[in-house]
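Examination of the molecular architecture
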Amino acid sequence: MGEWSEYFEDFPEENPANYVGGVFNPQEAKRIRDIQQKREAISKAENAKVNAMIAKAKKETKARSLLEVEDCPQCGLKELNTYKISAKFYLCECQDCGIYGKGETHVQALKCTSDAIGEFKDWREGSEF
């Protein structure tokens, strides 16, 4: 016996995907699947636009919020950017190794960053901001 797809080509009435409302109607089932695929493609494209807008806003916020650049507690390079996002939100991100941390003060954000050593956190894969 071959693949399931081959079986369903030979016996379309056995394919549950060819039923609409409990009635065998492969043309209507295909039309519905096509509509769903178009909607999913549109949704995916719109989500990509929204995600790009969010990424741009984050980048702009970071650009205007840079407080200082200092030595990273993990890699030792002077690549640890500290951002003052708001009065009570500080963010540290190493531009080299990717470690990050946050806090209500600069000191807390640095401590959180230091505490993350060995956790393999990388802000480029998902940050606190």
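Refer to the structure printed above.
First, a word on what this report is: a plain description of the structure on this page. What you are looking at is a predicted structure, and each value in this text was computed from that prediction instead of being measured. In this numbering scheme, every chain counts its residues from 1 along its sequence in written order. It should be noted that, the model being predicted, local features are given only for residues of pLDDT at least 70 and side-chain atom pairs only at 80 or more, the latter also being counted only at that level, while totals for whole chains, interfaces and linings use all residues. Heavy atoms throughout the structure, all of them, feed into the side-chain values; hydrogens and water do not.

A look at helix α3 (residues 106-115)
Let me state the cut-off plainly: Type-normalised accessible area, obtained with a 1.4 Å probe on protein chains alone, sets the label of each residue: buried when under 20%, exposed when over 50%, and partly exposed for intermediate values. A run of DSSP states H or I qualifies as a helix once it reaches four residues; a run of E qualifies as a strand once it reaches two. Both are numbered from the N-terminal end. Directions from the helix axis toward the C-beta atoms define the arc. Residue contacts are defined here by distance: any two heavy atoms, one from each residue, within 4.5 Å place the two residues in contact.
Every buried residue of α3 is accounted for by His106, Ala109 and Thr113. Buried residues along α3 cover an arc of 65 degrees about the axis, so they all sit on one side. In α3, the exposed positions that point more than 90 degrees away from the buried face belong to Val107 and Lys111. Check the buried side of α3 and you find it contacts β3 (66-70), β4 (80-86), β5 (89-94) and β6 (100-103).

Some points on the pairing of β4
The line we're drawing: For two strands to be treated as a pair, DSSP must find at least two bridges joining them.
Bridge count between β3 and β4: four bridges; the pairing is antiparallel. In the strand pairing of β4, Glu68 is matched with Thr82. Of the strand pairs in this sheet, β4 and β5 are connected by six bridges, and their pairing is antiparallel. From the neighbouring strand, Leu80 faces β5, where its bridge partner is Cys94.

Some points on the nonpolar core
To be explicit about the condition: The definition of a nonpolar core used throughout is a set of buried Ala, Val, Leu, Ile, Met, Phe, Trp, Tyr and Cys residues joined through side-chain atoms within 4.5 Å.
Counting eight residues, the largest nonpolar core is built from Cys72, Leu80, Tyr90, Cys92, Cys94, Ile99, Ala109 and Ala116. Those residues in contact with Ile99 that lie beyond four places of it in its chain are Cys72, Gln74, Cys92, Glu93, Cys94, Thr113, Ala116, Ile117, Lys121 and Trp123.

What about unusual backbone geometry?
Phi is positive for Phe120, which is not a glycine, with a value near 60 degrees. Examined against the element boundaries, Phe120 turns out to sit in the segment after α3.

Some points on the pattern of salt bridges
Think of it this way: side chains of opposite charge can pair up when their charged atoms draw near. This is how the line gets drawn: Salt bridges are identified by distance alone: a Lys or Arg side-chain nitrogen within 4 Å of an Asp or Glu carboxyl oxygen.
Applying the stated criterion across every chain, the model contains seven salt bridges. Between Glu60 and Lys56 there is a salt bridge, with the nearest N and O atoms lying 3.9 Å from each other. Here Lys56 and Glu60 lie together in helix α2 (residues 26-65), a separation of four residues that amounts to about one turn. We classify Lys56 as exposed; its relative accessible area is 54%. For Glu93, the salt bridge is made with Lys62, and the minimal N-O distance between the two is 2.7 Å. Remark: Lys62 occurs in helix α2 and Glu93 occurs in strand β5; sequence separation between them is 31 residues. Lys62 carries the same exposure label as Glu93, and that label is buried.

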